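This is what each chain is made of:
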Amino acid sequence: MLRAISRTYRSLLKRPAFFLAVVFTLMLGIGANSAIFSVIDAVLLKPLPYPDGDRLMAIFESNPRKKVPRGMVAPVRVEEWNRMNKTFTGIAGAYTENVAETSGSLPEMLVCARVSPRFFSVLATLPLIGRNFTPEENLANGPNAAVLSERLWRRRFASDPQVIGKQLMIGRTGYPIIGVVPDSVQFPAVNVDFWIPYKLPDVVMRNREARFDITVGRLRDGVKPEAAQADLGAVQGQLALQFPATDQNWTAVVEPLKEQSIGGVRRSLWILFGAVSLVLLIACANVACLLLAQANRREREIAVRFSLGARRSQVIRELLLEAFCLAIPGALLGLGLSIVGASLFRRAASLLPRAEEIRLDWRIVLFTLSLSILTTILFGLIPAARATRREVAGMLAQGSRTQVGGRHAIERFLVSAQIALAIVLLVGSGLLIRTLSSLGQVSLGFKSEHVLAFQISASWGEVGNRPRVAQRMNRTLDVVRTIPGVQATAITIGLPGGGEQFQQQFQITGRDSDSQGEKMFADMETVTPDYFRLLGIPMLAGHVCELTLDPKAPSYALVSNSVAQRFFTGRSPIGEHIQVGSARSEIIGVVGDVRKYGYAQDSKPTIYWCQLPSYCPGPQYLLSTTGDPMRLAEAVREKIRSIEPGRAVYEVKRLSDYVASSLTARQFQMMLLTSFAATALLLAAIGLYGVTSFLVSQRTREIGLRVALGAQPSQIFAQVFRQGAIMTGSGIVAGLATAAILSTWIKSLLFGVAPVDPLTFAAVPLLLAAVAAVALWSPAHRATRVDPIVALRQE
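Description of the structure in this document. (Residues numbered from 1 in each chain as written. Predicted model: local features only at pLDDT ≥ 70, side-chain atom pairs only at ≥ 80, totals over all residues. Heavy atoms only, no water.)

**Describing unusual backbone geometry**
- Here the bond from Phe 187 into Pro 188 is cis, since omega is 10 degrees, no more than 30 degrees from zero.
- Positionally, Pro 188 belongs in the loop between β8 (173–181) and β9 (194–197).
- Despite not being glycine, Asp 52 has its phi angle at roughly 50 degrees, a positive value.
- One can find Asp 52 in the loop between α2 (16–45) and β1 (56–63).
- Backbone geometry places Glu 651, a non-glycine residue, at a positive phi of 50 degrees.
- Here Glu 651 lies in strand β22 (residues 649–654). (Helix = DSSP H or I, 4+ residues; strand = E, 2+ residues; numbered from the N terminus.)

Shown next, in the form of structure tokens:
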């Protein structure tokens, strides 16, 4: 076998152009597929990195009447569910906050997860060193303790095994380090630096409206998620009867934690995998064409071998061995390409869940090897069967005296198939390009240029003294306003231009919305007065409020234009009163609509509470500047350090960069699909050129005879070009029909563009026709230069 392989490679190296073309084509097809499969495997196929991770369930509270499909859970309810359910071994909750850790020379912002009892036992994760929390440490008056993430342990403590017993300082409180857990623990968020028991006071643990826990449960052996859903639904039904004021109309939602962590990328990833699979099919068709051409050139040799007694199985085995010898270097180079691709995907951690798990492992190697075997069979078997037909000897006996123009239907079909598949990818890419173009023309309703955004570390425990929190925020605004180059300052809870939607129900005083058959919902924002001037949001009616620190002062609100038009039809909302829960405010102004959630989301009805958000200790601070806002980043840090040396300033960024990041995922999808489409277009052009050149070489005697009989070069050129145009045209028609059907699959990725977009469906065939014309010109021109004397002497 080794001798046969060595002989095959020596034969291939004598045809370097053919050898390199096949290997390069396979490298592109196999490498791109393996790279995308590494993402599919890490994100969609691998189980969660916890013991029996398929038994971990994400649990939410849901209230369809209040438009809360999946909300966080109140800690008291976590404990009740844990006590009353029959399908979970344990249920635990957690929430995160950004805190300033002060044990170092400067405060450092760390992400702290405060967790309920049973947290690590539910995840079933053992620490790398040390231990997890004891029951005593989970008590409200128990000792403090902290468990580090492996990432923080490596970065801050250089993986020192003696870290156990050292302390983290949060404010003036020390938390002894008791253990380190692996980076696979990514709950309740992927960027948690350390975990501590949350030790909530009784007043919070009794508050049934305090919904802030991200909740996870572990199913008992043999229990299905559907059974757990029914069980918790029944439990919540009992609680609704017991506590109708707070629990009525609320239910529990149970879904696998893996599904919740994947988010909305499943469909996008399968679309990309489908696209790259089309590239592989094009590569296979291209290589099949090259092998068919080689097999046709070897027909005389094969016929001689048959006449000397060779069996067909022997010849097919030898031709398939040649295909395998071509596939091996293609697979190895493709594997290298997939390593590079996987590395690029890992860098896109902000775009993909579980991106840090994307790497080359035995699954990817096995997939690549399987893909290589499959492609070898696909592109090697047809040429081998075609070349070893028994009638080839008789055909060769008269081959030099017959025209071959009617043969090679398989090659023509494969070229047309390549063009059709390339059309599908080009249409998909074109639709995404058109989507980004449409998004770029959308007005967000506010300006993001020359605006700096940042946050200051704070603890949720501070909101127990809201007047003090409000004073701290106001003092911060006063201090940063004195920085040279700062024009205006403001505070908001969420930055405009991104984030998740969250609407709340409200009432208009004096109007019974239920009796009118309409429940009123709007987004709620708490902002300071300069927010609108800073972002250039127009004031359409009324005026902004004045900032006050008096907790007894009247509450005022502004509404967006969509609120005014939808809920106050035919009259001015100025002077009306609105109420959310027990909070009641007078409407004093109407402002322009804003696309708060990025370019792809329409403006939502919004109510702006005009006050300092003392209920949220770590809001977003905004500064409008005269120049590049990042030039003031260090000045901001120095000012904050001068008044609050124990706090860390973090998430310092240009608002324009944050807004642009809302398009990053779409740009990433477009870049990948466009690269696949460009590769497909190149391969299709190469296939068209190769087959047309081969057909011209096969028809040299026929063309020479036609020239000798008086055919003009233009006639020869037109005939050859026409053959290529027929292959191209049939491929374009088939591709457009297929693209029209498949484009509905990417409808969720489009914005402002119909799945069957006329401009895209017109531009793509023109582009491919132009590329095909370039590919056909050279062999057609070469056909016009055939010397009839030389051609007729070939016999």
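**As for the packing of aromatic side chains**
- Scanning the entire structure with this criterion turns up 16 aromatic pairs.
- With 6.0 Å between their ring centres and 65 degrees between their planes, Phe 120 and Trp 195 make a pair best called edge-to-face. With Phe 120 in helix α4 (residues 119–123) and Trp 195 in strand β9, this residue pair connects regions lying 75 residues apart in the sequence.
- By relative accessible area, Phe 120 is classed as buried at 5%.
- Here Trp 195 falls in the buried class, since its relative accessible area comes to 0%.
- Relative to Tyr 608, the ring of Phe 532 has its centre 5.1 Å away and its plane inclined at 80 degrees; by these criteria the two rings are edge-to-face. Of this pair, Phe 532 sits in helix α17 (residues 531–535) while Tyr 608 sits in strand β20 (residues 606–610), placing them 76 residues apart in sequence.
- For Tyr 608, a relative accessible area of 1% corresponds to the buried category.
- The structure contains a cluster of three or more aromatic residues connected by ring pairs, namely Phe 119, Phe 120, Phe 133, Phe 187 and Trp 195.
- One Lys or Arg, Arg 208, reaches over the ring of Phe 243 and ends 3.7 Å from the middle of that ring.
- The lysine or arginine in question, Arg 211, covers the ring of Trp 250, its NZ or CZ lying 3.7 Å from the ring centre. (Phe/Tyr/Trp six-rings, centres within 6.5 Å; stacked < 30°, edge-to-face > 60°. Buried < 20%, exposed > 50% of the residue type's maximum accessible area, 1.4 Å probe, protein only. Lys NZ or Arg CZ within 6 Å of the ring centre and 35° of its normal.)

**With respect to the pattern of salt bridges**
- Per the stated rule, a full pass over the model turns up 38 salt bridges.
- One salt bridge connects Asp 160 with Lys 166, and the closest N-O pair in it is separated by 3.5 Å.
- Asp 160 sits in the partly exposed class, given a relative accessible area of 22%.
- A salt bridge links Glu 462 to Arg 472; its shortest N-O distance comes to 3.6 Å. Within this pair, whereas Glu 462 is found in the loop between β12 (451–456) and α16 (466–480), its partner Arg 472 is found in helix α16, the two being separated by ten residues in sequence. (Salt bridge = Lys/Arg side-chain N within 4 Å of Asp/Glu carboxyl O.)

**A look at the pairing of strand β7 (residues 167–170)**
- Side chains Leu 168 and Ile 170 project from β7 onto a buried face, and the interleaved Gln 167 and Met 169 project onto a face without burial.
- Across four bridges, β7 lies against β8 in antiparallel orientation. Across the sheet, Ile 170 pairs through a bridge with Thr 173, a residue of β8.
- Counting the residues that bridge the hairpin from β7 to β8 gives two residues, and of these Gly 171 lies at a positive phi of roughly 65 degrees. (Pairing = 2+ DSSP bridges.)

**Concerning the pairing of strand β17 (residues 556–560)**
- Here β17 lies mainly inside the structure; four of its five residues are buried.
- In this sheet, β20 lies alongside β17 in antiparallel orientation, the contact comprising three bridges. For Val 559, the partnering residue across the bridge sits in β20 and is Ile 607.

**As for the state of the cysteines**
- Applying the stated rule across the entire model yields one disulfide.
- Residue pairing for Cys 545: its cysteine sulfur links by disulfide to Cys 610, the two sulfurs lying 1.6 Å apart. What sets the handedness of the Cys 545 and Cys 610 disulfide is the S-S torsion sign, and at about -75 degrees it is left-handed. On the criterion of sequence distance, the pair formed by Cys 545 in the loop between β16 (539–542) and β17 and Cys 610 in strand β20 is long-range, its members being 65 residues apart. Cys 610 matches Cys 545 in its accessibility class, with the two residues each being buried.
- Left without a disulfide partner, Cys 289 is nearest to the cysteine sulfur of Cys 284, which lies 11 Å away.
- For Cys 289, a relative accessible area of 5% corresponds to the buried category.
- Lacking any disulfide linkage, Cys 325 is separated from the closest cysteine sulfur, that of Cys 284, by 17 Å.
- Here Cys 325 falls in the buried class, since its relative accessible area comes to 1%. (Disulfide = S-S within 2.5 Å.)

**Concerning the packing of α2 against helix α21 (residues 664–698)**
- Two elements in contact, α2 and α21, have axes whose closest approach is 11 Å; the angle formed by their N-to-C orientations is 160 degrees. Relative to α21, the element α2 lies roughly antiparallel. The element α2 and its partner α21 pack so that their crossing is left-handed. Judged by residue contacts, Thr 25, Leu 28, Ala 32 and Ile 36 of α2 engage Phe 676, Thr 679 and Leu 683 from α21.
- In terms of residue class, the contact of α2 with α21 is made up of five nonpolar, two polar and no charged. (Axes fitted to C-alpha atoms, helices over the stretch in contact; angles between N-to-C directions. Parallel < 35°, antiparallel > 145°, perpendicular 65-115°, else oblique. Left-handed = near helix turned anticlockwise from the far one by under 90°. Contact = heavy atoms within 4.5 Å. Nonpolar A, V, L, I, M, F, W, Y, C, P; charged D, E, K, R; others polar.)

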